[in-house]
Structure formats: C-alpha cells, structure tokens
Amino acid sequence: MLVDSHCHLDFPDFAEERDAVVERAAAAGIWMMVTISTRVKRFESVLSVAAAYENVFCSVGTHPHNAGEETDVTTDELIRLSTHPKVVAVGEAGLDYFYDRSPRDVQAVVFRRHIAAARETGLPLVIHSRDADADMEAILRDERGKGAFPFILHCFSSGQALARVGVELGGYVSFSGILTFKKSEELREIAKSIPHDRLLVETDAPYLAPVPFRGKRNEPAYVAHTAAVLAETIDMSAEDVAALTTTNFFRCFAKVPPAPAGAA
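Residues numbered from 1 in each chain as written. Predicted model: local features only at pLDDT ≥ 70, side-chain atom pairs only at ≥ 80, totals over all residues. Heavy atoms only, no water.

Q: Break down the overall build of the protein chain for me, with residues and values.
A: When its secondary structure is counted, the protein chain shows nine helices and eight strands. For the protein chain, the C-alpha radius of gyration of 17 Å lies close to 18 Å, the compact-globule estimate for 264 residues. With respect to the three principal axes, the spread of C-alpha positions in the protein chain is 40 × 40 × 35 Å. Looking at the 264 residues of the protein chain, the share that counts as buried comes to 57%. (Helix = DSSP H or I, 4+ residues; strand = E, 2+ residues; numbered from the N terminus. Rg over C-alpha atoms; globule rule 2.2 N^0.38 Å. Buried < 20%, exposed > 50% of the residue type's maximum accessible area, 1.4 Å probe, protein only.)

Q: I'd like to hear about the nonpolar core, residue by residue, with values.
A: By size, the foremost hydrophobic cluster in this structure holds 70 residues, and its most contacted members are Leu9, Phe111, Leu125, Leu140, Phe156 and Phe175. With sequence-adjacent residues up to four places away left out, Phe156 is seen in contact with Leu162, Ala163, Val173, Ser174, Phe175, Leu187 and Ile190. Val34, Ala89, Tyr172 and Phe249 belong to the second-largest nonpolar core, a separate cluster that totals 16 residues. (Core = buried A, V, L, I, M, F, W, Y, C linked by side-chain atoms within 4.5 Å. Contact = heavy atoms within 4.5 Å.)

Q: Could you give an account of the state of the cysteines, naming the residues involved and the relevant values?
A: One pass over the structure, following the stated rule, counts zero disulfides. Cys7 provides the cysteine sulfur closest to Cys58, a residue in no disulfide bond, and the two sulfurs are 11 Å apart. Summary of cysteine pairing: Cys252 is not part of a disulfide, and the nearest cysteine sulfur, belonging to Cys7, is at 15 Å. (Disulfide = S-S within 2.5 Å.)

Written as structure tokens, this is what we have:
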C-alpha cells in the first residue's frame, strides 16, 4: 500500500473525472490520499472532496501565493476549521520567492500563523518552500524555539542545508515526481541523506508528473513511480519503500485512522 501525502483533487483539472482518478489510484495500490488546501476561503470545496471518499482526507491553509489575499485568516480560524474529522493537516503554507505572488513579509506573517496552528493542534504543517532556504531555516528555528510543531517539507526541491535543518527540527521530507527527472541527480543525493523514518512520497497532482508521464497531468496513481525511483535511490525494494513511507505517513498524519485490514 502507498499513500499520496499531497495532491489537489479539488482543482478543476479533476472535475470531470474525479471518481475515476480515485479509482485508478486504488487500482495502483494507492489506498489513501490527502488533498491539500491552498485558500482558506475555498476550504469548503476542499472539504467536500475529502468528505466524498472514505480514503481521502484534507488540510486547511493558505498557500504563499495566496497569502496576500488572506491576511485576515487568523490562527484561531485555522484551529477551528481543523477540528473537522477529515482535516488531518494545516497548510500548505510557507515561502515562495520564485514567483513572489505575495509580498515576502506577508508570506512570513501568514506562515507563522500556520505554524502556531500546527503547534496548538498537533497536526502536521505542510510547508511550501521555493527559493527561500535561508529565510525558511530562520523562521523554522525561531518558531521551534517557541515550542515543537510537526511539519513536512513538501515537494522537496531545496538544498541539502534545508533538508538537514528540517530533519534536525523533527520534520519529514516529502519527494514528488521531481525526484524522477533526469537532471535531479542532486535531489536524489539529498534523498539518500534523509533518515528513512522521515521520508514521504507525494504527487502534488495535477502538477509535476513523474517519468514516464512528465509533461502530462499528474494524478495520485502516479505516486508509485516516484516511490519506485526513491527505492532505487536508497537501495531498497519497492515493497519496502511502500511499507516505509506508509508507516511514516501514519506516524506524521496521526489523526488519520488506520487503514482497514486488507486495504493493501
């Protein structure tokens, strides 16, 4: 059994065939998926997708691209919305200096509110970080000094230093289809350095389809291809990586109920 720890099933890309996408994931051995919030003001649509499927859960949060639109979303609101049984994480939130679609100081303020919500609820914070390694490290260290909080460095494509800090501070590192790309040798070297009990896999669907689907719309079923490359990278069998990353998922996303016996 595999888990897609990060996808966006509420996006319009899946509107015409969402049932089929979930069915294909199950057929590929991906029994569980987490569909990730990018705007709190559209949270109801994310929640409705999670509520429609037994094996789909969701998060609540504001992507850094949208931080400028949601400066009024408070930590208390995030905490309140996270009490729903289907909400198993906070985020995705963080820093994106590649696109800079929201002012950097606003991204930081909104990110810290999400950290506070993760600390208060004990739910893992799904962190988006792109071209912001130094500031991300500084904020994580500063906030860790205020109290521990669980987190995932999602769709990891940053440098070795941030990966090391993430692990040092108790976080998980999640790899997407980028790991399978021909020019991702450096990323595969980073994956080798991550303790096995901190590894996760994801699709970030509909984005970043792994080889051999690169350039096409991604979907949760394809996480098996990323897991296969991770297995080769860390010299484990595909079966062992599936078991490892699934075990890690349930430890990290502790609110998710255990998979039923025979789900694999």
